[in-house]
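Observations on the model geometry
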Amino acid sequence: MEDSGRFEEKSFSSGDVYIGKIKGILPHGNGKYTWSDGTVYEGDWVDGKRTGKGLIIWPSGAKYEGEFSGGYLQGYGTLTRSTGCIYTGGWRMNAEHGIGRKEYFNSDIYEGLWKEGIREGSGRYSWKNGNMYIGIWKNGKLDGRGVMKWAHGDVFDGCWVNGLRQGYGVYRYADGGVYLGTWSKGLKDGKGTFYPAGSKQPSLRKWCSALNSVDDGLLLNTEKHMAPKSRFKRSVSEKISVSGRSKSSRQISHRTSSLDANWSLHDPADDCICRDSSPTLLQSFHDGQSEASGISTLVYEREYMQGVLIMERTRNYSDISHKNERQNKFSVKQVKESSCVDVFGGSQRRRSYYLKLNLQLGIRYTVGKITPVPAREVRSSDFGDRARIRMYFPKEGSRLTPPHCSIDFYWKDYCPMVFRNLREMFKLDAAEYMMSICGDCGLRDISSPGKSGSIFFLSQDDRFVIKTLKKYELKVLLNMLPKYYHHVGNYENTLITKFFGLHRITLRGGKKVRFVVMGNMFCTELHIHRRYDLKGSTEGRYTDKDKINSNTTLKDLDLLYEFHMDKKLRESLFKQISLDCMFLKSQHIIDYSLLLGLHFRAPENLKALVESPGSMQLQDSLPSEDDALKKGEELIIPKGLLLVAHEPDSVNTAPGPHIRGNTLRAYSIGDKEVDLLLPGTARLRVQLGVNMPAQATRKLQEDKVDASEVELFEVYDVVLYMGIIDILQEYNMKKKIEHAYKSLRFDPMTISVVEPNKYAERFINFLEKKVFPETP
């Protein structure tokens with residue numbers, strides 16, 4: 001720094017004193033400034049501001065030594081607080097920023113990335129009690145992929161959200177047992193597999209592969225989760241005796257279910273180091289695993305609900321391995337049959353990347369072009385194949401399009417004004433829509449829920465689903481669009497799929513990919529435990545058990561529950577289903593489905609299981625610092641589902657791609673608009689097909705009970721999400737391609753009468769009698 005000032009000592013009326021170089025009347029160069037309150041700074045100055053290197057000491061005893069800029073702590077330096085807390089690392093505008101190491105007064109240590117004073121990015125946090133987390137942080141909390149290692153030897157490698165385990169993960173117990181499954185708000189929630197200590201366990205590659213591919217299996221569900229009042233028809237002990245489960249098996253069940261209630265860390269100021277990685281820890285798990293022929297091959301397929309074990313099935317390791325192999329072969333076959341991405345050539349990952357990039361480029365261009373157009377009512381000329389926007393996207397860019405990393409393609413946007421008005425009708429902001437689909441995080445691949453061969457993408461915020469279409473499906477939607485526009489305008493509670501855009505990509509060779517943007521009806525903060533695609537048919541409407549996993553969309557014959565709901569809610573539901581089916585019938589549509597998602601709530605009488613002797617023993621083994629979090633939200637025992645009078649200020653009333661119109665009224669509270677209260681979890685607005693409470697009664701089939709499988713309860717409280725999907729199968733088109741399908745997926749006796757009016761009648765009757773029967 002240029003040092004051209006003169007050396008002076010200057011006193012101010014406030015009592016401050018400066019000794020050092022001055023330029024004009026301002027400190028400039030090296031100098032020492034003492035404030036009247038006792039604060040002292042000695043170091044470099046530029047035009048009256050602390051800039052360069054220096055040391056500042058406050059009256060409290062805290063001090064900072066390092067770089068300054070414009071009077072702020074900025075650059076690299078060390079701050080030592082009077083409490084003994086020491087931070088060394090990057091600074092920006094007086095806040096920790098960049099890479100740094102912080103040692104807290106209680107001897108906890110964080111090493112990793114910071115953003116504006118908050119732990120953000122990769123980092124390692126080591127607690128004084130021996131616990132350690134290595135992974136991703138967001139807003140000062142564990143959020144992303146990370147590994148937690150407890151002092152008592154347990155290790156978890158998986159996904160975290162807002163400081164809690166959320167999504168897929170691998171939990172390694174100190175005794176050598178391993179559990180692979182899903183978590184929600186820190187609790188096991190969903191299906192998983194437990195490998196006891198000493199048993200043969202999956203390889204490290206399989207563990208990492210399962211964890212890295214978690215995004216591919218989130219089928220229309222955001223893995224955000226959370227409770228109720230249920231009847232308990234048969235005791236746990238009676239169920240266990242029916243299955244023939246051993247006492248040791250029950251002990252394992254108690255142990256693994258209770259662990260979730262005691263995982264808590266103690267909320268320090270946490271973080272992690274970039275050079276360490278979770279695979280390193282996982283490798284240590286695998287070391288020492290015996291491959292001797294005498295190893296036990298017994299494993300347990302389990303299902304949890306908010307930390308409570310509700311079902312267990314005993315299997316051999318070889319059965320699990322063969323099942324995974326068959327699923328992998330099936331997936332490969334599906335990909336090969338999906339010709340939509342083959343047009344790009346190369347590997348599957350590369351084709352998917354090109355397709356997603358082209359979608360984002362095209363949608364960004366279309367929304368940007370149509371949004372400034374003044375709002376107006378749609379005209380007849382806004383519909384049909386000729387109402388379109390077309391653009392060529394060369395790789396090197398053009399006057400109207402940016403350069404990109406994909407291949408040259410032509411873009412076609414169908415009926416842009418109609419879909420712009422539909423988005424506004426659904427109260428969807430254009431900027432939010434574009435950022436959700438075209439943001440930096442991109443789109444995620446998700447597995448296809450059916451046999452259509454379509455490719456599905458999910459926006460990173462889970463709000464939108466993009467599906468590729470066949471040519472005839474696109475024509476059906478275009479022909480239906482004028483009446484669809486009118487229908488959703490008249491019935492805001494409609495259960496029919498919400499469409500937000502219809503587009504086509506054409507490559508230079510003439511190959512085309514058509515796709516539609518839809519709302520994700522499973523965009524919810526609750527975990528969807530089951531998904532069903534219901535048509536009211538029995539012909540082929542079941543799922544092979546070996547192909548079922550936590551993300552499988554099940555079918556009619558797989559549905560073992562019937563649902564009872566409030567009288568008024570049920571009345572509203574079937575009124576709208578009838579209106580929607582009449583519309584589809586008028587458009588000669590058949591083969592549509594009710595997509596039903598279930599969020600189960602753990603019965604309140606399971607508190608005894610959570611507080612079993614086995615869990616108390618584990619609880620005692622935890623560090624004392626964890627006591628505060630043991631009383632946190634994730635450990636509140638559910639009290640049931642409660643319907644309460646609607647309070648707009650107490651719930652989120654913002655519109656979304658899955659939200660459907662008005663708040664519903666419930667008979668049970670005097671025909672008032674209602675909210676659903678989930679004690680310890682959330683308060684949600686009840687709408688048609690969204691947040692609808694019901695009681696699920698399991699249909700027992702005693703003669704078919706598998707001796708190796710135990711489901712502990714027959715009655716659950718559930719939250720329902722639903723919508724009518726697959727509405728692009730027109731009757732005449734179905735007749736033309738009937739021979740290719742081999743089966744209409746209906747009972748043989750009804751094939752000859754499967755026409756729109758018969759289909760609607762059958763569909764409604766099935767839902768009224770078999771799925772949502774009237775409460776006695």
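It should be emphasised that the depicted structure is a prediction, and the values quoted were computed from it without experimental measurement.

Moving on to the overall build of the chain. Tallying secondary structure elements over the chain gives 16 helices and 37 strands in all. The buried share of the chain, reckoned over its 776 residues, is 54%. A total of about 34,500 Å² of accessible surface is found on the chain, and carbon and sulfur atoms cover 51% of it.

Looking at the element boundaries, S572 is found in helix α10 (residues 567–586). Put simply, S572 and L688 are 116 residues apart on the chain and 7.6 Å apart in space, counted from C-alpha to C-alpha. Not counting residues up to four positions away in its chain, the partners in contact with S572 are L664 and L688.

Turning our attention to the nonpolar core. F563, L720 and F772 are the most contacted members of the largest nonpolar core, which has 123 residues in total. In contact with L720, not counting residues within four places along its chain, are F563, M565, L596, G597, L598, G689, V690, N691, M692, A694 and F772. Listed in part, the 33 residues of the second largest apolar core include W127, L142, W150 and W160.

Further remarks concern helix α7 (residues 416–425). For α7, a buried count of eight out of ten residues is recorded, marking the element as mostly surrounded by other parts of the structure. Looking only at α7, the buried set comprises P416, M417, V418, F419, R420, N421, L422 and R423. Phi for K427, located one or two positions after α7, is positive at around 60°.

Take the pattern of salt bridges next. Within this structure, the stated rule accounts for 20 salt bridges. The shortest N-O distance in the salt bridge between E96 and K102 comes to 3.4 Å. In this structure, E96 and K102 share a single accessibility class: buried. A salt bridge links R444 to D462, with the nearest nitrogen and oxygen atoms 2.9 Å apart. One end of the pair, R444, is in strand β22 (residues 443–446); the other, D462, is in the loop between β23 (456–459) and β24 (464–469), with 18 residues separating them in the sequence.

With that settled, consider the packing of helix α9 (residues 471–490) against α10. The N-to-C vectors of α9 and α10 enclose an angle of 160°; their axes lie 11 Å apart at closest approach. It follows that α9 is roughly antiparallel to α10 by the angle criterion. Crossing of α9 against α10: the hand is right-handed. Across the interface between the two elements, M480, K483, Y484 and H487 of α9 pack against Q576, L579, D580 and F583 of α10. Taken together, the residues that form the contact of α9 with α10 break down as four nonpolar, two polar and two charged.

Burial analysis of strand β1 (residues 6–11) places just zero of its six residues in the buried class, a small minority of the element. Sheet topology places β1 next to strand β2 (residues 17–23); six bridges connect them, and they run antiparallel. Residue pairing in the sheet places R6 in a bridge with I22 of β2. Where β1 folds back on β2, the antiparallel hairpin that results is connected by five residues, among which G15 adopts a positive phi of roughly 100°.

Moving on to the sheet that holds strand β35 (residues 692–698). The strand order across the open sheet built from six strands is β28-β27-β30-β37-β35-β29, with neighbouring strands paired in mixed fashion. Taken across any chain shown, the strands that pair with only one partner, and hence form the sheet edges, are β28 (553–554) and β29 (561–564). Summarising the sheet, strand β30 (residues 593–601) and strand β37 (residues 715–725) pair through nine bridges and their orientation is antiparallel. Each residue of the ladder has a partner; that of G597, found in β37, is Y721.

Here the focus is the packing of aromatic side chains. One pass over the structure, following the stated rule, counts 46 aromatic pairs. Summarising the aromatic geometry, the rings of Y365 and F393 are spaced 5.8 Å apart at their centres and angled 85° between planes, so their arrangement reads as edge-to-face. You can see Y365 sitting in helix α6 (residues 348–370) and its partner F393 sitting in strand β20 (residues 388–393), a full 28 residues away along the chain. Of the two residues examined, Y365 and F393, each falls in the buried class. Where F563 meets F772, the ring centres are 6.0 Å apart and the plane angle is 40°; that geometry is what we call tilted. Remark: F772 occurs in the segment after α16 (756–771) and F563 occurs in strand β29; sequence separation between them is 209 residues. Note on F772: relative accessible area 0%, which makes it buried. The ring centre of Y304 lies 5.3 Å from the NZ or CZ of K188, which sits over that ring.

As a further point, take the sheet that holds β22. Taken together, the seven strands give an open sheet; going across it, the order is β20-β21-β25-β26-β24-β23-β22, and neighbouring strands pair in antiparallel fashion. Edge positions in the open sheet fall to β20 and β22, since each of these has one partner strand only. Going across the sheet, the axis of each strand differs from the next one's by a mean of 25°, ignoring polarity. As judged from the six bridges shared by β20 and strand β21 (residues 409–414), these two strands associate in the antiparallel manner. Bridging from a neighbouring strand, Y392 pairs with Y410 of β21. Here α7 sits on the sheet in contact with β20, β21 and β25 (499–507), set at roughly 145° to β25. Packed on one face of the sheet, α9 meets β21, β24, β25 and β26 (512–519) and runs near 145° to β25.

Before going further, it helps to spend a moment on helix α8 (residues 430–438). All of the buried residues along α8 are Y433, S436, I437 and C438. Burial along α8 is one-sided: seen end-on, the buried residues are contained in an arc of 165°. The opening residue of α8 is D429, an N-cap whose side-chain oxygen sits 3.1 Å from the backbone nitrogen of A431.

Between α7 and α9, whose axes approach to 11 Å, the crossing angle comes to 15°. Considering their axes alone, α7 and α9 lie roughly parallel with respect to each other. Relative to α9, α7 is oriented so that their crossing is left-handed. Where α7 approaches α9, its residues V418, F419, N421, L422 and M425 are matched on the opposing element by L481, Y484, Y485, V488 and G489. Of the residues assigned to the contact of α7 with α9, the class counts are eight nonpolar, two polar and no charged.

With respect to the helices, strands and loops of the structure, H503 is situated in strand β25. The class of H503 is buried, set by a relative accessible area of 3%. Here the side chain of H503 touches D413 through a polar contact of 2.6 Å, side chain to side chain. Once residues lying within four places of it in the same chain are set aside, the contact partners of H503 are I363, W411, K412, D413, Y414, V513, R514, F515 and V517.

Within the chain, residue pLDDT values average 76, and 72% of them lie at 70 or more. Scored below 50 in pLDDT, residues 326–341 makes 17 contacts in the model with residues more than four places away or belonging to other chains. With pLDDT under 50 throughout, residues 607–638 is counted as low confidence; its partners more than four residues away or in other chains account for 51 contacts.

Moving on to the environment of Y87. Here Y87 lies in strand β8 (residues 86–92). Counting along the chain gives 13 residues from Y87 to G100, while the straight-line C-alpha distance between them is 7.0 Å. Within polar-contact distance, the side chain of Y87 engages the backbone oxygen of G90 at 2.9 Å.

Parameters at a glance
- Residues numbered from 1 in each chain as written.
- Predicted model: local features only at pLDDT ≥ 70, side-chain atom pairs only at ≥ 80, totals over all residues.
- Heavy atoms only, no water.
- Helix = DSSP H or I, 4+ residues; strand = E, 2+ residues; numbered from the N terminus.
- Buried < 20%, exposed > 50% of the residue type's maximum accessible area, 1.4 Å probe, protein only.
- Areas by Shrake-Rupley, 256 points an atom, 1.4 Å probe, with all protein chains shown as cover.
- Contact = heavy atoms within 4.5 Å.
- Core = buried A, V, L, I, M, F, W, Y, C linked by side-chain atoms within 4.5 Å.
- Salt bridge = Lys/Arg side-chain N within 4 Å of Asp/Glu carboxyl O.
- Axes fitted to C-alpha atoms, helices over the stretch in contact; angles between N-to-C directions.
- Parallel < 35°, antiparallel > 145°, perpendicular 65-115°, else oblique.
- Left-handed = near helix turned anticlockwise from the far one by under 90°.
- Nonpolar A, V, L, I, M, F, W, Y, C, P; charged D, E, K, R; others polar.
- Pairing = 2+ DSSP bridges.
- Phe/Tyr/Trp six-rings, centres within 6.5 Å; stacked < 30°, edge-to-face > 60°.
- Lys NZ or Arg CZ within 6 Å of the ring centre and 35° of its normal.
- Arc of directions from axis to C-beta.
- Polar contact = N/O pair within 3.5 Å; in protein donor to acceptor, adjacent residues only side chain to side chain.
- pLDDT = per-residue confidence, 0-100.

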